[in-house]
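Each chain is listed here by its residues.
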Amino acid sequence: GLKKKEVNVLCLGLDNSGKTTIINQLKPSNAQTQDIVPTIGFSIEKFKTSSLSFTVFDMSGQGRYRNLWEHYYKEGQAIIFVIDSGDKLRMVVAKEELDTLLNHPDIKHRRMPILFFANKMDLREALSSVKVSQLLCLENIKDKPWHICASDAVKGEGLQEGVDWLQDQIK
Ligand code: GTP
Ligand code: MG
């Protein structure tokens, strides 16, 4: 059959935001794991959509591993940035990491689509995707296409909308 276009995606965001849970849901069911543990370093995962074959660098969000992220920036053609919408206390840390990312020389002047997941929307205390987008000042991102989706990665809700957007940006 027709070979799908290959795309490298960086999956970034603070520890416990749900990156691995999201990527796991996007994989075919026979490749999904039941027990998700905090990522050590990073893990390379693959999933396909109708027109693309994604290779995802699922990075650990723990503070001690965040310095690994930048080594993969050149490799990435798109970014999935995950936020725990219930973690109000660390929203400012998420913003700092995002700003550092956006100002990095390997990212700054490239047209890289960024898909944001305002994840854990199921939590009673979760902020809306509009609120998350305001707190992260996403409207200031002028040189890259971006999109934010509320998601519940445990139930798999909101993920398809995001991936459809990402596919449209790349294909
Ligand atoms: P690191 O690998 O440490 O950077 O974390 P991560 O971003 O990969 O988070 P991970 O996917 O390991 O999920 C952390 C915890 O959040 C797990 O217990 C998940 O089950 C839980 N979780 C992920 N997504 C959701 C969600 O949408 N809602 C709720 N309630 N819990 C979630
Ligand atoms: Mg992880």
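Residues numbered from 1 in each chain as written. Chains lettered and ligands numbered in written order. Predicted model: local features only at pLDDT ≥ 70, side-chain atom pairs only at ≥ 80, totals over all residues. Heavy atoms only, no water.

**A few points about the sheet that holds strand β3 (residues 52-59)**
For step 1, the next point in the chain: Ordered by their spatial adjacency, 6 strands build an open sheet running β2-β3-β1-β4-β5-β6, and the pairing between neighbours is mixed. Bordering the open sheet on either side are β2 (42-48) and β6 (146-150), each of which pairs with just one other strand. With direction set aside, neighbouring strand axes in the sheet form an average angle of 20°.
For step 2, the next point in the chain: Pairing of strand β1 (residues 5-12) with strand β4 (residues 78-84) involves 4 bridges; the strand directions are parallel. Directly across from Val9, in β4, lies its bridge partner Ala78. (Pairing = 2+ DSSP bridges. Helix = DSSP H or I, 4+ residues; strand = E, 2+ residues; numbered from the N terminus. Axes fitted to C-alpha atoms, helices over the stretch in contact; angles between N-to-C directions.)

**Some words on the site of ligand 1**
For step 1, the next point in the chain: Near ligand 1, the surroundings consist of 20 residues, among which Lys19, Thr21, Gly61, Asp122 and Ala153 are the closest.
For step 2, the next point in the chain: Between an oxygen atom of ligand 1 and a main-chain N or O atom of Thr39, the distance comes to 2.8 Å.
For step 3, the next point in the chain: Considered on its own, ligand 1 offers 650 Å² of accessible surface; in the complex 81% of this is hidden by protein.
For step 4, the next point in the chain: Looking at which element gives the most residues to the shell around ligand 1, the answer is helix α1 (residues 19-26), with 3 residues.
For step 5, the next point in the chain: Tallied by class, the residues present in the shell around ligand 1 amount to 6 nonpolar, 9 polar and 5 charged. (Near = heavy atom within 4 Å. Polar contact = N/O pair within 3.5 Å; in protein donor to acceptor, adjacent residues only side chain to side chain. Areas by Shrake-Rupley, 256 points an atom, 1.4 Å probe, with all protein chains shown as cover. Nonpolar A, V, L, I, M, F, W, Y, C, P; charged D, E, K, R; others polar.)

**Things to note about the coordination of the magnesium ion (ligand 2)**
For step 1, the next point in the chain: Coordination sphere of the magnesium ion (ligand 2), protein contribution only: Thr20 (OG1) and Thr39 (OG1), at 2.0 to 2.1 Å. Here Thr20, found in helix α1, pairs with Thr39, found in the loop between α1 and β2; they are 19 residues apart in sequence, far enough to count as distant.
For step 2, the next point in the chain: Thr20 sits in the partly exposed class, given a relative accessible area of 22%. (Donors = N, O, S within 2.8 Å, 3.2 Å for Na, K, Ca; no water. Buried < 20%, exposed > 50% of the residue type's maximum accessible area, 1.4 Å probe, protein only.)

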